[in-house]
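What follows is each chain in one-letter form.
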Protein chains: 2
Amino acid sequence: MASETKADWDVPDPLPLNVQGIPQQVLTREEVEITSLDAPQITEAIQTRRFSCETVVRAFLRRAALAQELVNCVTGLLPEYAIERARYLDSLPQPLGPLHGIPVSVKEQFGFEGRVTTNSFVAWRDRPQGPPCSLNRRLEDAGAVIIARTTQPQTAMHLETNSNLYGRTLNPWNRNLTSGGSSGGEGALIVLGGSALGIGGDIGGSIRCPAANCGVYGFKPTPFRIGNTGTMGTISGQEGIIGCLGPLSPSLAGIELFMKAYLGQSPWMEENTLVPVPWREISLPSNLKIAVMWSDGVVNPHPPITRALKSVVSALRDAGVTVVDWKPEGHEEAWEITSALYFEDGGQRVREILALGDEPALPLTEWLLTETNIRARSVQEVWELKTKRNAYRAMYNNLWLSTGKDDGHVVDAILCPVGPGCAPPHDQAKYWGYTSHWNLLEYPAIAFPVARVDAELDQADSTYSPMNEKDSFNHSLYPGPEMYKDAPVSLQLVTRRFEDEKCLAVTRLIEQAMKN
Amino acid sequence: MASETKADWDVPDPLPLNVQGIPQQVLTREEVEITSLDAPQITEAIQTRRFSCETVVRAFLRRAALAQELVNCVTGLLPEYAIERARYLDSLPQPLGPLHGIPVSVKEQFGFEGRVTTNSFVAWRDRPQGPPCSLNRRLEDAGAVIIARTTQPQTAMHLETNSNLYGRTLNPWNRNLTSGGSSGGEGALIVLGGSALGIGGDIGGSIRCPAANCGVYGFKPTPFRIGNTGTMGTISGQEGIIGCLGPLSPSLAGIELFMKAYLGQSPWMEENTLVPVPWREISLPSNLKIAVMWSDGVVNPHPPITRALKSVVSALRDAGVTVVDWKPEGHEEAWEITSALYFEDGGQRVREILALGDEPALPLTEWLLTETNIRARSVQEVWELKTKRNAYRAMYNNLWLSTGKDDGHVVDAILCPVGPGCAPPHDQAKYWGYTSHWNLLEYPAIAFPVARVDAELDQADSTYSPMNEKDSFNHSLYPGPEMYKDAPVSLQLVTRRFEDEKCLAVTRLIEQAMKN
């Protein structure tokens, strides 16, 4: 490890379950001050010359190194690279762009020049990346400094982060719990303050789940708004569900800043798979109407999630917002379609790569590949699956439109859980439905923190009678709030396809309502 | 046939090769006057009460019935339906929408309530359509009147129009030549004045080819701007190349009117596969730069096409437009990718449907299904194909961007042939490359008429030495201008993905330049 990030600190041994307070204890006051700023605050601090880019980058590099020691969230720090870049930025007479000087982390899965990109497969441990992820240059053109690459699980297809190559990433609030995944390194690193902005990928919840589990913001945009050239999906050319890159941030303002900075570069010129829709200024309707999905009808969420939903609904009603119940339809079928489309070959390609690396499938890999509807299909069977997917999308759009049949005003957004509970204990994240549903539909969705688990308010419901096997399993994961001590409680906001701007605007309104 | 469209005329027996002038001879003066108007002129004539909707619709119905007798372009007229609709429109105090009273024809392939939709398969001759094509209601909501459904070939995958179910559609300018396809009924009906606006579908040239062959305008938009719910593709769920619906019209103004009327309805609300990009007002750059593709490097076009290119280039230069040569790359590979993606199963599904109807594959069906790269593939092989497709798209976008490397101004459009010649004699349309290339790339493209074959100017080049087998076949189709007597000569204009507005604007500029 380079000198810039050498550990000169003493951390408690053994580490406590909750390591979230440790950076404040072991870093300098200035380091803590700097790394407590969010992205817009950093650009301001640099522009007002309170700090140089180099000072900022060095502080975040130190905190990222500490984060790695605490929860194993980084696959590689980039100290020389980042400091050189920071010095270059400091040498400029004007800010390079809207992200000037912001330390950024990116998932290892995204190609980085001169580094391997493994997707956490042992077989790919030495595989050099071809072209770097297009987003890297966009970030740097906007002035950001990439300081770290972060962990993802084996296959990058768990809602946790564990691999034979990089080990397990822990939840900084409670190391018995998962950080979430697949962008679990990002979630953990950001909530620990080791990065001011992170870029993850999400094909079934992989941005939103770790953001929720760690208590930061994570936004999955509509597909084809952010380019993914140079990211290493496991299966190139399989396009039934489109993976989306998107930001994680300690603040909503950071998410907005990134989206504007990125789309302000008209990325569709160079990646013309993208849709040429710039970031649009929008005004929310004065008579906002939000639907709440208390449950998806398959797995009911744990008490902390329901409590969070109630608190937001109450705040929204106090703010004069119309709140109605969302009546979900077909979410079980949605998962059958979605999971099958993840592995049109029944998982054969993944098993081949595992065999090539002589590594065992981890429990969550094995679990996913044996989900009921996943099997090797012929092209004709894939056509059938895509026809079902298209019908499901049309059905759900009609369901949304039907919310306007009485008053002519369709709901502006759906408020719902991000998952059926807070961050679960390790190897238990087996329900994707609350996030993957919106990947299937290509709707933008954001995870945002609302509360923390409360020992008194979040008692288990001992009289609960599960609806089905999945619900029963999920119920068994909540013996009571003790297991989830200190865990963040997050929620999800979803808008219609291409209503990314509205998704963030409604979330901002919710935050304002919650403050009042 | 209903009385409204009963043939009370005498047409020459035998019919001449060129039947284009017959409607003027046998219809009434008022009928000819009405049916010579294009879409914007019709709305104006109705709004100024020069004609009622009913009078307009009756005139077009008569001319469509005559067109059917001359070239076999209609699968069904809708006299009762259309006249009732026209009367309803006449009863309104205000125009219903921007297409108020315009008689429109639609391809049989697009579902129509209460009618069969066969795709010209015998097996499907009695198969009722499920939901009607979403476009029908859009057209009607804008005030249009659907008066006819038009022919397509067996499989809807020929660049001609011939089927065991409906027979062959002929070219009105020269009945020895094809009308083109697969929207060949539209091309023929519109140039004969039997419809003021037509809707076709295009996955490899099926709007642009018949428009070019018949001498009208045909526009293939970027995918996901016009919805195709309720159209009957042969293979649902196969999505390697996206078929596009789009307009055919006797005038460019009609194309523009349709696009504005359609997108003005925000169709993406109900069909949320669509991209929510409205029709945008644009200004062309003052220093317009157009690239000319004289040949795609695989098959050189016949003399009339090259002459048309030269005449447009000359007019553009006179108008102060910068014209450069386009250097095509990889068009042969593009066809191998595209044709394989049309039939991921090697054509098995099509052969099954043919067998089910106990009908033989027509020569052009057989020809297409045995193209070199078409074969039954596994899902893994389809992934490879799509990976190649994506790489090709990226390569071509870079090629386009490279045209700006010296002056910072990438070319605004590519001017090129629509096909390697004018409408060929029947059963000879075996080169799709000039149109299918832009389907692969998802670029918007329009076919527009430029000239007619000239016995003196379009002499064959007897010294020509073909580049390859395909080029040799195409060369053999041009013994001289005599075979193509009276055939329209059309060209194609192509812009970048989602630059649909620019595509039409540049075409308008070309037309103005040609007039001067």
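Residues numbered from 1 in each chain as written. Chains lettered and ligands numbered in written order. Predicted model: local features only at pLDDT ≥ 70, side-chain atom pairs only at ≥ 80, totals over all residues. Heavy atoms only, no water.

Looking now at the interface of chain A and chain B. By convention, interface size is frequently given as the accessible area that disappears when the constituent parts associate. With 36 residues of chain A at the interface, the matching set in chain B holds 36 residues. A buried area of about 3000 Å², summed over both sides, lies between chain A and chain B, and 49% of it is on carbon and sulfur atoms. Area buried by chain A at its contact with chain B is led by Asn272(A), Val379(A) and Trp383(A), which between them contribute 24% of it. A salt bridge links Arg389(B) to Glu239(A), with the shortest nitrogen-to-oxygen separation between them at 2.7 Å. (Contact = heavy atoms within 4.5 Å. Buried area = accessible area lost by both parts, 1.4 Å probe. Salt bridge = Lys/Arg side-chain N within 4 Å of Asp/Glu carboxyl O.)

A few words on the relation of the copies chain A and chain B. Each of the two chain copies can be generated from the other by rotation about an axis followed by a shift along it. Rotating chain A by 180° about the axis while translating it 0.0 Å along that axis superimposes it on chain B, leaving an RMSD of 0.0 Å. The two molecules are tied by a two-fold rotation axis, judged by turn and shift. Within chain A, Val379(A) has its C-alpha nearest the rotation axis, a separation of 2.7 Å. A share of 100% of the interface residues of chain A reappears at the interface of chain B, consistent with the copies meeting face to face through the same patch. (Least-squares fit on C-alpha atoms with pLDDT ≥ 70 in both.)

All right, on to the sheet that holds strand S1 (residues 74-77) of chain A then. Residues and elements named next belong to chain A. If you walk across this open sheet you meet the 11 strands as S1-S3-S2-S6-S8-S7-S12-S13-S11-S9-S10, and the pairing is mixed. Each edge of the open sheet is held by one strand with a lone partner, namely S1 and strand S10 (322-325). Direction aside, the axes of adjacent strands within the sheet are offset by 25° on average. Pairing of strand S11 (residues 413-417) with strand S13 (residues 488-494) involves 4 bridges; the strand directions are antiparallel. Residue pairing across strands places leucine 415 opposite leucine 493, the latter belonging to S13. Where helix H9 (residues 252-263) meets the sheet, its contacts fall on strand S6 (197-202), strand S7 (217-220), strand S8 (244-249) and strand S12 (445-452), and the angle it forms with S8 comes to roughly 140°. (Pairing = 2+ DSSP bridges. Helix = DSSP H or I, 4+ residues; strand = E, 2+ residues; numbered from the N terminus. Axes fitted to C-alpha atoms, helices over the stretch in contact; angles between N-to-C directions.)

Per the UniProt record, "domain: Amidase" (unreviewed entry) is found at residues 56-504 of chain A. With 34% helix and 14% strand, residues 56-504 of chain A has its two end C-alpha atoms placed 27 Å apart. (UniProt positions renumbered as here; feature names shortened; annotations may be inferred.)

In this section: the packing of aromatic side chains. Taken as a whole, this structure holds 30 aromatic pairs over all chains when the rule is applied. Ring centres of Tyr478(A) and Tyr484(A) lie 5.4 Å apart, and the angle between their planes is 20°; this geometry places the pair in the stacked category. Residue classification places Tyr478(A) among the buried positions, given a relative accessible area of 4%. Of the residues examined, Tyr484(A) reaches a relative accessible area of 1% and is grouped as buried. Ring geometry for Trp335(B) against Tyr342(B): centres 6.2 Å apart, planes inclined by 70°, an arrangement best described as edge-to-face. The two residues Trp335(B) and Tyr342(B) agree in class, both being buried. Taken together, Trp326(A), Tyr392(A), Tyr396(A), Trp400(A), Trp438(A) and Tyr443(A) form an aromatic cluster joined through their ring pairs. Between Arg127(A) and the ring centre of Trp124(A), over which it is positioned, the NZ or CZ distance is 4.0 Å. (Phe/Tyr/Trp six-rings, centres within 6.5 Å; stacked < 30°, edge-to-face > 60°. Buried < 20%, exposed > 50% of the residue type's maximum accessible area, 1.4 Å probe, protein only. Lys NZ or Arg CZ within 6 Å of the ring centre and 35° of its normal.)

Residue and element names in this part refer to chain B. Where helix H4 (residues 53-71) meets helix H5 (residues 79-91), the axes come as close as 8 Å, and the angle between the chain directions of the two elements is 160°. If you check the angle between H4 and H5, you find them roughly antiparallel. As for how H4 packs across H5, the hand of that crossing is right-handed. Residues Cys53, Glu54, Val57, Arg58 and Leu61 of H4 form the contact with H5, whose own contacting residues are Pro79, Ala82, Ile83, Ala86, Arg87, Leu89 and Asp90. In terms of residue class, the contact of H4 with H5 is made up of 8 nonpolar, no polar and 4 charged. (Parallel < 35°, antiparallel > 145°, perpendicular 65-115°, else oblique. Left-handed = near helix turned anticlockwise from the far one by under 90°. Nonpolar A, V, L, I, M, F, W, Y, C, P; charged D, E, K, R; others polar.)

A word on the environment of Arg138(B). Residues and elements named next belong to chain B. Along the chain, the position of arginine 138 falls in helix H6 (residues 134-141). According to the relative accessible area criterion, arginine 138 is buried, its value standing at 8%. Ignoring any residue separated from it by four or fewer positions in sequence, one finds arginine 138 in contact with Tyr262, Gln265, Pro267 and Glu270.

Further remarks concern helix H6 (residues 134-141) of chain A. Most of H6(A) sits out of view: 6 of its 8 residues are buried. Once H6(A) finishes, Gly143(A) follows within two positions and takes phi at roughly 105°, a positive value.

Residues and elements named next belong to chain A. Domain boundaries assigned for chain A yield domain 1 (31-269) and domain 2 (289-443 + 456-515). Distance between the C-alpha centres of domain 1 and domain 2: 24 Å. Contacts between the two partners involve 54 residues from domain 1 and, on the opposite side, 57 residues from domain 2. For the pair domain 1 and domain 2, the summed buried surface comes to about 4600 Å²; carbon and sulfur atoms form 58% of the total. It is Met157, Leu177 and Ile241 that lose the most area in domain 1 upon contact with domain 2, and together they represent 13% of the buried surface on that side. At the boundary of domain 1 with domain 2, the tally comes to 4 salt bridges. Across the pair arginine 508 and glutamate 256 runs a salt bridge whose closest N-O atoms are separated by 2.8 Å. The tally of links between domain 1 and domain 2 comes to 37 residue pairs in polar contact (both at pLDDT 80 or more). Contributions of two or more residues to the side of domain 1 that touches domain 2 are made by strand S4 (162-163), helix H8 (208-214), S7 and H9. (Domains from an automatic or database assignment. Polar contact = N/O pair within 3.5 Å; in protein donor to acceptor, adjacent residues only side chain to side chain.)

Turning to the pairing of S13(A), a few remarks are in order. All names here are of chain A. Burial of S13 is extensive: 7 of the 7 residues sit out of reach of the surface. Burial along S13 is two-sided: the residues Pro488, Ser490, Gln492 and Val494 and Val489, Leu491 and Leu493 are all buried. As judged from the 7 bridges shared by S12 and S13, these two strands associate in the antiparallel manner. Bridging across to S13, isoleucine 446 finds its partner in leucine 493.

The subject of this paragraph is unusual backbone geometry. For residues besides glycine, phi is generally negative; the peptide bonds are generally trans as well. The omega torsion across Asp13(A) and Pro14(A) is 0°, close enough to zero to call that bond cis. As for its position among the elements, Pro14(A) is in the segment before helix H1 (22-26). A cis geometry characterises the amide bond from Gly181(A) onward to Ser182(A), with omega recorded as 5°. Relative to the elements of secondary structure, Ser182(A) occurs in the loop between strand S5 (167-168) and helix H7 (184-191). With a phi angle near 65°, Glu442(B) is a residue other than glycine that sits in the positive phi range. Position of Glu442(B) among the secondary structure elements: in the loop between helix H15 (433-441) and strand S12 (445-452).

Right, let's talk about the confidence of the model for chain A for a bit. Residues and elements named next belong to chain A. In the predicted model, chain A carries a mean pLDDT of 96, and 99% of its residues have values of at least 70. S11 holds the highest mean pLDDT among the elements of chain A, 99, whereas H6 holds the lowest, 96. For this predicted complex, the interface confidence score (ipTM) comes to 0.96, while the overall pTM stands at 0.97. (pLDDT = per-residue confidence, 0-100.)

Let's shift gears to the pattern of salt bridges. Enumeration according to the criterion identifies 56 salt bridges over all chains in this entry. Among the salt bridges present, the one from Arg225(B) reaches Glu501(B), with a minimum N-O distance of 2.9 Å. With a gap of 276 residues between them, Arg225(B) in the loop between strand S7 (217-220) and strand S8 (244-249) and Glu501(B) in helix H17 (residues 500-515) connect regions that are remote in the sequence. Its salt-bridge partner being Lys502(B), residue Glu499(B) comes within 3.9 Å of it at the nearest N-O pair. Given a relative accessible area of 16%, Lys502(B) falls into the buried group. Salt bridges linked by common partners bring Arg137(A), Arg138(A), Asp141(A) and Glu270(A) together as one network.

Before going further, it helps to spend a moment on the UniProt feature "active site" (unreviewed entry) in chain A. Residue and element names in this part refer to chain A. UniProt records the feature "active site" (unreviewed entry) at Lys107, Ser182 and Ser206, using the numbering of this structure. Annotated residues spanning 100 residues; largest pairwise C-alpha distance 10.9 Å, indicating a single compact cluster. Mapping lysine 107 onto the fold places it in strand S2 (residues 103-107). In this structure lysine 107 comes out as buried when scored by relative accessible area, which is 1%. If we skip the residues at most four places from it in the chain, lysine 107 touches Thr150, Gln152, Ser182, Ser183, Glu186, Ile199, Gly200, Gly201 and Ser206. Separated by 3.2 Å, the side chains of lysine 107 and serine 183 make a polar contact. Within the structure, serine 206 has its side chain in polar contact with the side chain of serine 182 (distance 2.7 Å).

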